[in-house]
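So you can see what is in the structure, the chains are spelled out below.
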Amino acid sequence: MESTGAENPNRVNFSQRPVPPGMRPFTPSSPMVGSEPPVSNPLAHTIPQTFMPPLSSGPAASQAAPPGGMYPYTSMPPMSSVPYGNPRPAGTPFQRFPTPQFPPIAQASQASTLPTPTPSSFHPQPQAPFVSMGSPPQNINHAPSFANIPPPSSSPFSGPWTTSQPARPSFSGYPSKEPNMVAPTPPVQTTPFNQGGFIPNRPPVTSAPFPSYQGSHMGPPPIAASSGPYSRDQMHHQSYGPPSGTLQGLLEDFNSLTIGSVPGSLDPGLDTKSLPRPLDGDVEPKAFAEMYPMNCHSRYLRLSTNCLPTSQSLVSRWHLPLGAVVCPLAEAPVGEEVPIQNYVSTGIIRCRKCRTYVNPYVTFTDSGRKWRCNICALLNDVPGEYFAQLDASGRRIDLNERPELTKGSVEFVAPTEYMVRPPMPPVYFFLIDVSISAVQSGMLEVVAETIKSCLDNFPGSSRTQIGFITFDSTIHFYNMKSSLTQPQMLAVSDLDDIFVPLPDDLLVNLSESRAVLDAFLDSLPSMFQNNYNVESAFGPALKSAFMVMSRLGGKLLIFQSTLPSLGVGRLRLRGDDVRVYGTDKEHSLRISEDPFYKQMAADCTKYQIAINVYAMSDKYTDIASLGTLAKYTGGQVYYYPGFQSAIHKEKLKHELARDLTRETAWEAVMRIRCGKGVRFTSYHGNFMLRSTDLLALPAVDCDKAYAVQLSLEEALLTTQTVYFQIALLYTSSSGERRIRVHTAAAPVVSDLGEMYRQADTGAIVSIFCRLAIEKTLSYKLEEARNSVQQRIVKALKEYRSLYSVQHRLGGRMIYPESLRFLLIYGLALCKSIPLRGGYADAQLDERCAAGHTMMTSPVTSLLKILYPDLIRIDEYLVKSSPHEVNFNFSRLPLTADSLDSRGVYIYDDGCRFILWFGRMVSPDIAMNLLGDDFATDLSKVAIHERDNPMSKKLTKILEKLRGSDNSYYQLCHLVRQGEQPRESFLLLSNLVEDQVSGMNSYADWIMQIQRQLQ
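Here the structure is a predicted model, which means the values were calculated and not measured.

Student: I'd like to hear about the sheet that holds strand 8 (residues 363–365), residue by residue, with values.
Tutor: Across the sheet, which stays open at both edges, the three strands sit in the order 8-9-10 with antiparallel pairing between neighbours. Both outer strands of the open sheet, strand 8 and strand 10 (379–381), are each paired with one neighbouring strand and no more. With strand direction ignored, the average angle separating the axes of adjacent strands in the sheet is 35°. Across three bridges, the pairing between strand 9 (residues 370–372) and strand 10 is antiparallel. The residue bridging Arg372 from the neighbouring strand is Leu379, located in strand 10.

Now the structure itself:
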């Protein structure tokens, strides 16, 4: 018999016939599936076609079902008196409700005896009832707990999805939004297996780590003792849907938005209040960490999906980035530091074939004399010094004494064979612009003052080396030998033939020359206070610094205030060329104009020199060219447009102090290994790729993250688990050569729906962001934005195809719970400074600097840049007591509708604060916070603590917000409602949910994507 869906040989398809009016499909005396059917039943095929969706025999046809809200009846009246469903009162609009698909009674017994296909991605679990969609079990060694399952008398559909919309009236052609409901989970008969910290020498997946869910192109798990849709007693049970444990495969295991409009109405039919918004910030997947407790923490490694596809065909249907975000030196909370192991005497245990470091997922055999590599499966000998007996369960008896066998992150002290040269000392070299703009803006004074205040906190103690060069139209070297009482300045004016005078005395030991350094930093601002030189010989000065540092390497900090104008590396004004925008040459403005900068970056990386650029000017400084130095040396770009010490002093002091005092890994290289059949194909971030998979990182710190993409080398993966291992070889500031190792495991699945359900939005958006910014370096901004939107559309369309046969989707946009914020982050990315609009929407330097910041940001910081916090504080300032410190503010949607003209709001994107005062704000609040300055131009007002309770509470709020992430110092900008163009520039243009700069609002963006999904 022909079916209306995909063919499935294991199911019988049944025809559907219309039912005469007045007849009903079931009566109380009708036998149910599993009972003896009568010889003849005239009602076997009389379900009205209006209520019955087409029966499909596709792979997931049996799971199609309405959400719980689609069953409108609250109690079941006698079935002989009413048709199936609610009677419709006269004069009310007709509302359709999907109904469960019942096999015809006459053929039910035959259907119930058909075999059920087993999942293809995992080993079958005999006699396991179907597990409805939800989080994976918290403990894979035991059957899941079912304490939250209601008793049989309660409604099985008790948990609505969080994105459910309020009920609305239904109209013809305007589908109503029915809340998605979650059914309780029946007990699963799992086969226990050893994983995690209990038995680290066994692979973590010997049975399904995740249940194989309906709604994908694979069969359901075997169903034990199924007796048909439901029994006669259950038919009369008062509930909002069919009982649990029978039709759970029909539940919707996805989230949805109803999009539709009343004919002739301008209302788009989209309730904007119910749109998913990441008001809680970054939400990391917790269930996966519980499944693999021996994995490294997600702060170090986050996969874009926590299960890998088994075949190339699944990869081609995934459409989203397949990869990971790596932050090898991420800051760990107190008590969770990475353990350090010293095996210098015995040697570090590694696989002799693939060089994988010993980790919790290796297995020990032959009474502990051999161990099998989890990456390449090679059997290795255990050295005698590392040998330990195995207990009855196969675990090493010294397991609790071996952190490398129980923890996903560990650090080894490396022996001498891991050293090409003796470990380098921490080296800080400062290249400072002293032209007229640097002096008059106060930059020189702030830099000198900050460096001096940090001298006692430099990492490396007595090993630290330090040096200085200043420049304008000439280059100034400084001899700070410890035997001197005052530093000696040597000026070189020949820019074409650079030489370094006294090369051995320009880089000195910080401890030995401390007195000379203090004298130099005290006198530096006054030394150039009358300098009126407007030129900048930056290129020759950079070469000089390279010549001084090339012997040791280290960190070069550049303070640039004037566009390079003399000697090699001179640059020209090119940011104001409007004619280039919108053409194929547009991208050339965002890349280095002179190849000198990329070549210098390559040379610096070769000699272990990392470059951080501090650019501060009120004019064009060509961040596109200067940023190249940071990009290829593992450095960072700090941008202070229109720097004035009266305004920007605190921001520069905080960020420079953090750069000088945070723990840094020197002369580092990083490699990521993965299991057989998988390889990493591309790397994104600030580094130099030394070989196909080796990243050269002259300096690494906790604020640097890197994105990687992977692909399958084979058409079909034969393993059930893929392992990843990140190895960072570096020199610590204390002089030790160390290897930081992070190990993680992920299951392999053949279910595309499972890949979507286990997706990590934060990792996906981070990779999207880096790919889009890199695309702007070769293509127009519009093409970069379109590439993001197209991939999101393809992914949602593919996900929709998994359910389009068995669910009535109509005007609904569906998406997995794990990707509920993908749309808003995608829109925010397209509206971010590196990608937004065109020439008039962002200054070129600002666009390039923001791109460099986002390329290096860890996941949590990046998501806050894309969707900042907006909080209202005036109610707290007025009502709270002076000593109350309760900062549990609720975040507000980023739309102008969230702003009340009577309120005061803080906009926080992690890099700056915008303090917005409504036009009708209480005069008492304004006077307490700003005093008499409130009546003046707020662009010239700086916020500071005043002697009143409100001002002190505001200071505490700002300190609390700054303390959540120390990467940057949020400078506070004040703006008053209606103060144009300042309000639009600072705040309104950054409310990503509103329509600004000709780009869609959040609602319009969803409508546009929905049209492409049809």
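Student: Would you mind going over unusual backbone geometry in detail, with residue names and values included?
Tutor: Cis peptide bonds are those with omega within 30 degrees of zero, and the linkage from Gln980 to Pro981 qualifies with 0°. Along the polypeptide, Pro981 turns up in the loop between strand 31 (971–976) and helix 21 (982–986). Of note in the backbone geometry, Arg355 takes a positive phi value of approximately 65° without being a glycine. Along the chain, Arg355 turns up in the loop between strand 7 (340–342) and strand 8. In this structure, Ser461 is a non-glycine residue whose phi angle is positive, near 55°.

Student: So what about the packing of aromatic side chains? Which residues, and what values?
Tutor: Here the distance between the centres and the angle between the planes together describe a pair of aromatic rings. Tallied over the entire structure, the rule returns 27 aromatic pairs. Judged by centre distance (5.3 Å) and plane angle (65°), the rings of Tyr581 and Tyr839 are edge-to-face. Here Tyr839 lies in the loop between helix 15 (822–831) and helix 16 (844–856) and Tyr581 lies in the loop between strand 17 (554–560) and helix 9 (595–606), a separation of 258 residues in the sequence. Overall, Tyr581 belongs to the buried group, its relative accessible area being 13%.

Student: Tell me about the packing of helix 14 (residues 781–801) against helix 15, residues and numbers included.
Tutor: With their axes 9 Å apart at the nearest point, helix 14 and helix 15 run at an angle of 170° to one another. With respect to helix 15, the axis of helix 14 lies roughly antiparallel. Facing Arg785, Val788, Ile792 and Leu796 of helix 14, the residues of helix 15 in contact are Leu822, Leu823, Gly826, Leu829 and Cys830. A breakdown of the residues in the contact of helix 14 with helix 15 according to their chemical character gives seven nonpolar, one polar and one charged.

Student: Which residues make up the state of the cysteines, and what values go with them?
Tutor: Within the structure shown, the criterion is met by zero disulfides. In this structure Cys373 is not part of a disulfide, and its nearest cysteine sulfur, from Cys354, lies 3.5 Å away.

Student: Run through the pairing of strand 30 (residues 912–917), naming residues and quoting values.
Tutor: Along strand 30, six of the six residues are buried, which leaves the element largely enclosed by surrounding structure. Bridge count for strand 29 (residues 904–908) against strand 30 is five bridges, and the pairing is antiparallel. Counted as the bridge partner of Ile906 is Leu915 from strand 30. Joining the antiparallel neighbours strand 29 and strand 30 is a turn of three residues, in which Gly910 adopts a positive phi near 90°.

Student: I'd like a rundown of the pairing of strand 13 (residues 465–471), residues and numbers included.
Tutor: Burial runs high along strand 13: seven of the seven residues are buried. The alternating pattern of strand 13 places Gln465, Gly467, Ile469 and Phe471 on one face and Ile466, Phe468 and Thr470 on the opposite face, and all of these are buried. Across seven bridges, strand 12 (residues 427–433) lies against strand 13 in parallel orientation. By the bridge assignment for strand 13, Tyr428 is matched with Ile466. The pairing of strand 13 with strand 14 (residues 475–479) spans three bridges and is classified as antiparallel. From the neighbouring strand, Phe471 faces strand 14, where its bridge partner is Ile475. Adjacent in sequence and paired antiparallel, strand 13 and strand 14 are bridged by three residues.

Student: Got a sec to walk through helix 16? Specific residues and values, please.
Tutor: A rise of 1.5 Å per residue sets the reference length of helix 16, with its 13 residues, at 18 Å; its end C-alpha atoms lie 19 Å apart and thus fit the reference within 8%. Across the 13 residues of helix 16, 12 count as buried, placing the element largely inside the fold. Looking only at helix 16, the buried set comprises Leu844, Asp845, Arg847, Cys848, Ala849, Ala850, Gly851, His852, Thr853, Met854, Met855 and Thr856. Structurally, helix 16 contributes buried residues whose contacts are with helix 10 (623–631), strand 19 (636–639), helix 13 (761–775), helix 14, helix 15 and helix 17 (859–866).

Student: Describe the sheet that holds strand 21 (residues 678–684), listing the residues and the values that go with them.
Tutor: Taken together, four strands build an open sheet; the order of strands is 4-6-24-21 and the sheet is antiparallel. With partners counted over all chains shown, the strands left at the sheet margins are strand 4 (301–303) and strand 21, one partner each. Within this sheet the neighbouring strands show an average axis-to-axis angle of 25°, counted without direction.

Student: I'd love a proper account of the environment of Pro403, names of residues and values included.
Tutor: Position of Pro403 among the secondary structure elements: in the loop between strand 10 and strand 11 (409–413). Here Pro403 falls in the buried class, since its relative accessible area comes to 15%. Considered as a pair, Pro403 and Val338 are 65 residues apart in the sequence and their alpha carbons are 9.5 Å apart. Excluding residues within four positions of it along the chain, Pro403 makes contact with Pro339 and Gln341.

Student: Tell me about the pattern of salt bridges, and name the residues and values.
Tutor: All chains considered together, the criterion is met by 46 salt bridges. In this structure, Asp900 and Arg902 form a salt bridge, with 3.1 Å as the shortest nitrogen-oxygen distance. A network of salt bridges, in which partner residues are shared, links Glu331, Lys555, Arg658, Asp659, Arg662, Asp701, Asp703 and Lys704.

Criteria and thresholds
- Residues numbered from 1 in each chain as written.
- Predicted model: local features only at pLDDT ≥ 70, side-chain atom pairs only at ≥ 80, totals over all residues.
- Heavy atoms only, no water.
- Pairing = 2+ DSSP bridges.
- Helix = DSSP H or I, 4+ residues; strand = E, 2+ residues; numbered from the N terminus.
- Axes fitted to C-alpha atoms, helices over the stretch in contact; angles between N-to-C directions.
- Phe/Tyr/Trp six-rings, centres within 6.5 Å; stacked < 30°, edge-to-face > 60°.
- Buried < 20%, exposed > 50% of the residue type's maximum accessible area, 1.4 Å probe, protein only.
- Parallel < 35°, antiparallel > 145°, perpendicular 65-115°, else oblique.
- Contact = heavy atoms within 4.5 Å.
- Nonpolar A, V, L, I, M, F, W, Y, C, P; charged D, E, K, R; others polar.
- Disulfide = S-S within 2.5 Å.
- Expected span 1.5 Å × (residues − 1).
- Salt bridge = Lys/Arg side-chain N within 4 Å of Asp/Glu carboxyl O.

Shape is all these values report; function is a separate question.
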